[in-house]
Amino acid sequence: MVSSLRVLLISDVHGNLEALEACLEASPPFDVAVNLGDVVGYGASPNETVERVREVCRFHVRGNHDRACSGVSGVEGFNPVAAMAANWTHSSLTPENLEWLRSLPHGPISVDGLADVQFVHGSPLDEDEYLIGVADALEPLLGFPVPLTFFGHSHLQGGFSLYRDRGSELHPQIDHGDVCDSSELRLNQRARYLINPGSVGQPRDGDWRAGFAWLDSDARAIQFFRVPYDVEGAKRRILEAQLPERLAMRLSIGR
Ligand code: ZN
């Protein structure tokens, strides 16, 4: 990480335009934005979300929902609610947005000007793997000599570090609430990190607010954010689209 870049990191937007707009408004200024996948699926604004993400982010990796909603893969392995949402999304997307989703690369990818950083959806070893606990993170942390990896997929903000062969979980110090809040993580030069910026459009850590992160490569610091958004608006759209009610209700509780 020699150069000085300010990077906005978003992941798992899942067709939630209200949450995405709130994150973009709350973000500090950035030089480049990276999307870690799952732009669509679950939420009721797939086209608007794809178009906004394309406008804002210069780099993208694909997520499993991007694949399923664009027909690159099937919905095998999806629960019935996720499969229903994927089919609805597929039929709602414009041909151009479908084509864009189909063309997304799988990770790991790198970003010009950011050496020693990689970006994936699930894990550097497998784009569909969930990194939930430190036991899941050890193999990719030990196996990839990359100091900093950003990942998504789990919808859990935080991540893991490896220092002196010891793995630890990282939880941003952000209290639940209804206002915008953030927490900083200073990176240790001698540690390795796997960092999840959190889910923009469907957090699953019990906090309903939209999550994202911001990297200052010069200061070697990551800022985690939680941002209130028009959750009632996002829920209304889901119900109006006649998507399963559960997809609306879970947004209020962050599960
Ligand atoms: Zn996801």
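Scroll up to find the structure.
Presented here is a report on the structure given in the accompanying data block. Note on numbering: residues in each chain are counted from 1, in written sequence order. Given that the model is predicted, a residue must reach a pLDDT of at least 70 before its local features are reported, and side-chain atom pairs must reach 80 or more before they are shown or counted; all residues, however, enter totals for whole chains, interfaces and linings. Only hydrogens and water are removed before side-chain values are computed, so all heavy atoms of the structure are retained for them.

1. Here we look at helix 6 (residues 134-143)
Then, in step 1: Every buried residue of helix 6 is accounted for by A137, P140 and L141. Seen end-on, helix 6 carries its buried residues on one side only, within an arc spanning 100°. Helix 6 presents A135, E139, L142 and G143 as exposed residues on the side facing more than 90 degrees away from its buried surface.
Then, in step 2: Whether two residues touch is decided by their heavy atoms; if any such pair falls within 4.5 Å, the residues are in contact. Each helix is a run of DSSP H or I of at least 4 residues and each strand a run of E of at least 2, with the numbering of both proceeding from the N terminus. At its buried positions, helix 6 is contacted by strand 7 (158-163) and strand 10 (192-196). Think of it in three bands: with a 1.4 Å probe and only protein chains considered, a residue is buried below 20% of the maximum accessible area for its type, exposed above 50%, and partly exposed in between. It is the directions from the helix axis to the C-beta atoms whose arc is reported.

2. Comments concerning the coordination of the zinc ion
Then, in step 1: Within the first shell, the zinc ion binds the protein through D12 (OD), H14 (NE2), D38 (OD) and H155 (NE2), at distances of 2.1 to 2.3 Å.
Then, in step 2: Any N, O or S atom lying within 2.8 Å of the metal counts as a donor, with the limit raised to 3.2 Å for Na, K and Ca; because water is left out of the atom set, some sites can appear incomplete. A site with four donors is called tetrahedral when every donor-metal-donor angle falls between 85 and 135 degrees; four donors are called square planar, and six octahedral, when opposite donors sit more than 155 degrees apart and all other angles fall between 65 and 115; any other arrangement is irregular. What the four donor atoms of the zinc ion show is an angle range of 85 to 177° at the metal, which sorts the shape as irregular.
Then, in step 3: Sequence spacing of the donors to the zinc ion: D-x1-H-x23-D-x116-H. With H14 in the loop between strand 1 (6-10) and helix 1 (17-26) and H155 in the loop between strand 6 (148-150) and strand 7, this residue pair connects regions lying 141 residues apart in the sequence.
Then, in step 4: The exposure class assigned to H14 is buried, which follows from its relative accessible area of 1%.

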